[in-house]
Amino acid sequence: MLSKEQVILMFQDVEKVDWSSVFMSQPISSPVILQFGHAETLLPLLSLMGYFKDKEPLTAYNYKEQMHRKFRSGHIVPYASNLIFVLYHCENAKTPKEQFRVQMLLNEKVLPLAYSPETVSFYEDLKNHYKDILQSCQTSEECELAKANSTSDEL
C-alpha cells in the first residue's frame, strides 16, 4: 500500500516540469512524460485528488443502498488502467495563465475535474487547486534512505 507521501511525490513530478521550457526551447514533435504504475498506484492518487468520493461511506449495513456508489475500484482502475494528463500549449493566449491548459483522461475517457464540472483547466488553476497537497510532502524526509540495520539478528 502506498503512503500519502508516495502518492504526492508522483503527483509532484508533473508539477515540477517547467512546461514553458519544454515548449519554447526547441521544436519538439511530441513532448511527453510517461510514468507507469499499477491500480494500487492510481487509486490512491485519484482519491487524493478528490475523485470518486461518496457522500456516505460503504459499510456492511448499507451495501444495498450503495450499489451505485461512485467508488467502485473495479470500474475506476480495471486491469491495464491509465491516467493521462494532456497539456495543451495555446500559442494565441492573451495572458501567460492562458498559455497552458490541462485535460485528464482516465482509461482513455475524459475525466471532469474533481473541483469543477469542466473537463479542461488552466494549468495554473490546477496547480493552485492542489498546491496544499503538493506542498505538504517533505520530499527530503520521504526519500531518505533508511539507515543500515546495525544488528546482526536478521536472516
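Let me begin by describing the structure that accompanies this report. (Residues numbered from 1 in each chain as written. Predicted model: local features only at pLDDT ≥ 70, side-chain atom pairs only at ≥ 80, totals over all residues. Heavy atoms only, no water.)

**Focus: the overall build of the protein**
And then number 1: For the protein, the count of helices and strands is seven helices and four strands.
And then number 2: When the helices and strands of the protein are listed from N to C terminus, the series reads α-α-α-α-β-β-β-β-α-α-α.
And then number 3: Out of the 155 residues belonging to the protein, those deemed buried represent 26%.
And then number 4: Of all intrachain contacts in the protein linking residues separated by at least 6 positions in sequence, the fraction that spans at least 24 positions is 52%.
And then number 5: Accessible area for the protein stands at about 11500 Å²; split by element, carbon and sulfur atoms hold 54% of it. (Helix = DSSP H or I, 4+ residues; strand = E, 2+ residues; numbered from the N terminus. Buried < 20%, exposed > 50% of the residue type's maximum accessible area, 1.4 Å probe, protein only. Contact = heavy atoms within 4.5 Å. Areas by Shrake-Rupley, 256 points an atom, 1.4 Å probe, with all protein chains shown as cover.)

**Some words on the nonpolar core**
And then number 1: Within the largest apolar cluster, 21 residues are counted, with the highest numbers of intra-cluster contacts made by Leu-46, Tyr-51, Leu-83, Met-104, Leu-111 and Tyr-130.
And then number 2: Residue assignment for this core shows that the elements contributing at least two residues are helix H3 (39-48), strand E1 (83-89), strand E2 (100-106), helix H5 (123-129) and helix H6 (131-135). (Core = buried A, V, L, I, M, F, W, Y, C linked by side-chain atoms within 4.5 Å.)

**Re unusual backbone geometry**
And then number 1: Notably, Phe-52 is not glycine yet its phi reads approximately 60°, a positive angle.
And then number 2: Looking at where Phe-52 falls in the secondary structure, it is placed in the loop between H3 and helix H4 (73-76).
And then number 3: Owing to a relative accessible area of 23%, Phe-52 belongs among the partly exposed residues under this scheme.
And then number 4: Notably, Asn-107 is not glycine yet its phi reads approximately 55°, a positive angle.

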